[in-house]
Amino acid sequence: MISAAVVAAAVGFVPTAAQAATPSAPPSPYFAVFTGVTNSNAHGISMAVGVSANLTEGWVTYDIDWGDGTTGQGSNDIKQNVYLDHRYAKVGSHKITIKATDVYNKLTATTTKDVTVDGSEFTPQAPSRLLDTRDGTGAPAAAPVAAYGTTRVKVAGNAGIPAGVTAVALNVTVTNAAAPGHIIAYPSGKARPDTSNVNFAAGQDVPNLVVVPVGEDGYVELANRSSGQVDLIADVSGYFTRSAANGYTATKQPSRFVDTRTGLGTAKGQVAGRSGFDVQIAGQGGLPAQGVAAVALNVTVTDPKTAGHLTLSPSGQQAPTTSNLNFTAGQTVANAVIVPVGPDGRITVRNGAWDSTDVIVDVTGYYSADGKAAYLPVEPRRMFDTRTYKDPLNPQAYRHESVWTSGRALEALVLNTTVTNPQGDGHLSVSPDPNSSDDYMSGKAVQPLPPDSSVLNFTKDATVSNLVQASTGNTGIVDFWNRSWQPTDLIVDLLGEYDKA
């Protein structure tokens, strides 16, 4: 009998002892952490974090170092992202460090992310002139801006202003206007908005403060929306950057610091021509005694005996050759001003006219290193225009307005207010509303009291504009008061916000 072994050998198959197949090495686990960040407001970011892995199961914890001395945590299934929000106390750049740990598979991975929040803080500087088309300062030549023409103002790298500046505070003055119109200030490289900054009549000298974003090329555009040529002057009083400097704090209500008619804050009686006086800012009206770098004001001239201008500057310094407010004999006119505060906590107000005038100074807010609100420019838009629905603001009445904040904590709004078609003389006041949106919706709102301050003064049939940094108070609602015995139209343009940390 032939054995099975012999048969197998005959056909060439010889069985051997069984051997296990050599297994291939298992794949190395892959585990990496990734993140994506979006800016959500002046101080805050929203972050998505997850891992990329070749594992089918796992539970991941995330330890976050936000780069400002604070930490956070999150966790989720290995296949799911974690979403986190963080608000920085100060603006600027921060390095986030993220450590991911898979608690099932005992794996870790770390990554970092550099972020810069969108908010900007303010650096004041002694007023200096960036543009004067009359003599060619900052312009290609000494020539007015043509009808419906535009001129450019170099900001970054000019007058000590650094590269990377995000916005600038300019006092823009219109002079030698051949026809009525308005000026629009906007960042270079952006589309011209439908808002306005300075309204003027033919032959009128009109200033207005402008807080305007700066284009990526470092320039600001000034568009002449008039059928006639016009000369433009632009004086800078400070700038904003995405780095820690001075945050903004609004006063709870606009507060009157000076009224020469009554002797408030200075000697009673008109300020003599070619003279000035100091105003104590620090430690007054709820402002801190130390650390006030600059102050936001509304300055009004009334009953001037001749034409002239006012100049505001830090105390203890030689008066600059710039101006903040231009006036004619007998005119009552106001302008918003941002002015650095001197080392002694004071500012100087100088009457550049040859004859006397009364001066009123209202404080709306201040900038300091301890200020919690950062500036956030917005796409300029018209909040409302009473002409649209033929619904003028009634005598001694107010209109309340708010903006959608998407969770942001507002300190103030940067607005340009314009009164037009007034049926009589009066003034406009702006103040925070004590009522909430729910109060108005439920009919429980109480009648607020108008403030004792003013934003702009107007005469019958005139068109007058002025910037206001309006406190939003505790409710986020701002009131606009017609302090006249006749109706008037009102236009309000939103230019920016101050968001709190």
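Residues numbered from 1 in each chain as written. Predicted model: local features only at pLDDT ≥ 70, side-chain atom pairs only at ≥ 80, totals over all residues. Heavy atoms only, no water.

### Some points on the packing of aromatic side chains
In the structure shown here, the tally under the stated rule is ten aromatic pairs. Ring plane angle 55° and centroid distance 5.0 Å describe the contact between Phe 122 and Phe 240, whose orientation is recorded as tilted. Linking Phe 122 in strand 8 (residues 121-132) with Phe 240 in strand 15 (residues 231-241), this pair joins segments that are 118 residues apart in sequence. With respect to class, Phe 122 is no different from Phe 240; both count as buried. Of the aromatic side chains, those joined through ring pairs into one cluster are Phe 122, Phe 240, Tyr 248, Tyr 367, Tyr 375 and Tyr 498. Above the ring of Tyr 219, the side-chain terminus of Arg 152 is found at 3.9 Å from the ring centroid. (Phe/Tyr/Trp six-rings, centres within 6.5 Å; stacked < 30°, edge-to-face > 60°. Helix = DSSP H or I, 4+ residues; strand = E, 2+ residues; numbered from the N terminus. Buried < 20%, exposed > 50% of the residue type's maximum accessible area, 1.4 Å probe, protein only. Lys NZ or Arg CZ within 6 Å of the ring centre and 35° of its normal.)

### Side note on the pattern of salt bridges
Under the definition given, this model contains 15 salt bridges. The shortest N-O distance in the salt bridge between Asp 114 and Lys 95 comes to 2.9 Å. In this pair, Asp 114 is assigned in strand 7 (residues 107-116) and Lys 95 in strand 6 (residues 93-102), connecting sequence segments 19 residues apart. Given a relative accessible area of 56%, Asp 114 falls into the exposed group. Given a relative accessible area of 44%, Lys 95 falls into the partly exposed group. For Asp 132, the salt bridge identified is with Arg 134, shortest N-O distance 2.8 Å. Connected via shared salt-bridge partners are Arg 129, Asp 132, Arg 134 and Asp 235. (Salt bridge = Lys/Arg side-chain N within 4 Å of Asp/Glu carboxyl O.)

### Points about the nonpolar core
Across soluble globular proteins, you tend to see nonpolar side chains buried next to one another. Formed by 29 residues in total, the largest nonpolar core has its most connected members in Val 155, Val 168, Val 174, Ile 183, Leu 222 and Leu 232. The set of elements that each furnish at least two residues to this core consists of strand 8, strand 10 (167-175), strand 11 (181-187), strand 12 (198-200), strand 13 (206-213), strand 14 (219-226) and strand 15. Excluding anything up to four places from it in sequence, Ile 183 contacts Val 174, Ser 196, Asn 197, Val 198, Phe 200, Leu 222, Ala 223, Asn 224, Val 230 and Leu 232. One finds Phe 257, Leu 297, Val 299 and Val 333 within the second-largest nonpolar core, a separate group that totals 27 residues. (Core = buried A, V, L, I, M, F, W, Y, C linked by side-chain atoms within 4.5 Å. Contact = heavy atoms within 4.5 Å.)

### Some points on the layout of surface pockets
There is about 590 Å³ of room inside the largest pocket. Residue lining of the largest pocket: 32 residues in total, with Thr 332, Val 333, Asn 457, Phe 458 and Val 464 positioned closest to the centre. When the residues that make up the lining of the largest pocket are grouped by side-chain class, the tally is twelve nonpolar, 15 polar and five charged. By volume, the second largest pocket is sized at about 480 Å³. (1 Å grid on protein atoms, 1.4 Å probe; cavity = no way out; pocket = protein on both sides within 12 Å on 5 of 7 lines; lining within 4 Å. Points joined across faces, edges and corners; volume = space filled by probe spheres on them. Nonpolar A, V, L, I, M, F, W, Y, C, P; charged D, E, K, R; others polar.)

### Observations regarding the confidence of the model for the chain
Of all residues in the chain, 95% attain a pLDDT of 70 or more, and the chain-wide mean is 93. Within the model, pLDDT remains below 50 along residues 1-21, and this stretch shows four contacts once partners closer than five positions in the same chain are excluded. (pLDDT = per-residue confidence, 0-100.)

### Quick notes on the sheet that holds strand 17 (residues 275-280)
One open sheet holds the four strands; their spatial order is 17-22-19-20, and the pairing between them is antiparallel. A strand with exactly one partner marks an edge of an open sheet, and here the two such strands are strand 17 and strand 20 (325-327). Going across the sheet, the axis of each strand differs from the next one's by a mean of 20°, ignoring polarity. Sheet topology note: the strand 19 (residues 308-314)/strand 22 (residues 346-351) ladder contains five bridges and is antiparallel. Across the sheet, the residue bridging to Leu 312 is Val 349, located in strand 22. (Pairing = 2+ DSSP bridges. Axes fitted to C-alpha atoms, helices over the stretch in contact; angles between N-to-C directions.)

### A word on the sheet that holds strand 5 (residues 82-87)
One open sheet holds the three strands; their spatial order is 1-2-5, and the pairing between them is antiparallel. Two strands in the sheet have a free side with no partner beyond their single neighbour: strand 1 (31-39) and strand 5. Strand after strand, the sheet turns through a mean of 25° between neighbouring axes, direction not considered.

### A look at the side chain of Asp 479
Secondary-structure assignment places Asp 479 in strand 30 (residues 477-484). Arg 399 provides the closest opposite charge to the buried, unpaired Asp 479, separated from it by 9.5 Å. Once residues lying within four places of it in the same chain are set aside, the contact partners of Asp 479 are Tyr 398, Arg 399, His 400, Ser 429, Val 430, Ser 431, Pro 432, Asp 433, Pro 434, Tyr 440 and Pro 448. (Lys, Arg positive; Asp, Glu negative; His and termini not counted.)

### So, the environment of Ser 436
Its place among the elements puts Ser 436 in the loop between strand 27 (426-432) and helix 2 (437-442). A sequence separation of 40 residues divides Ser 436 from Gly 476, and the C-alpha atoms of the two residues are 7.7 Å apart. Ignoring sequence-local partners within four residues, the contact set of Ser 436 consists of Thr 475 and Ile 477.

### Regarding the pairing of strand 26 (residues 410-420)
Most of strand 26 sits inside the fold, with eleven of its eleven residues counted as buried. Note that strand 26 and strand 31 (residues 489-500) share ten bridges and pair antiparallel. When the bridges of strand 31 are listed, Thr 420 appears paired with Asp 489. Inspection of the sheet shows strand 26 paired to strand 29 (residues 464-471) by eight bridges, in the antiparallel sense. Each bridged residue has a counterpart across the sheet, and for Thr 418 the counterpart in strand 29 is Ser 465.

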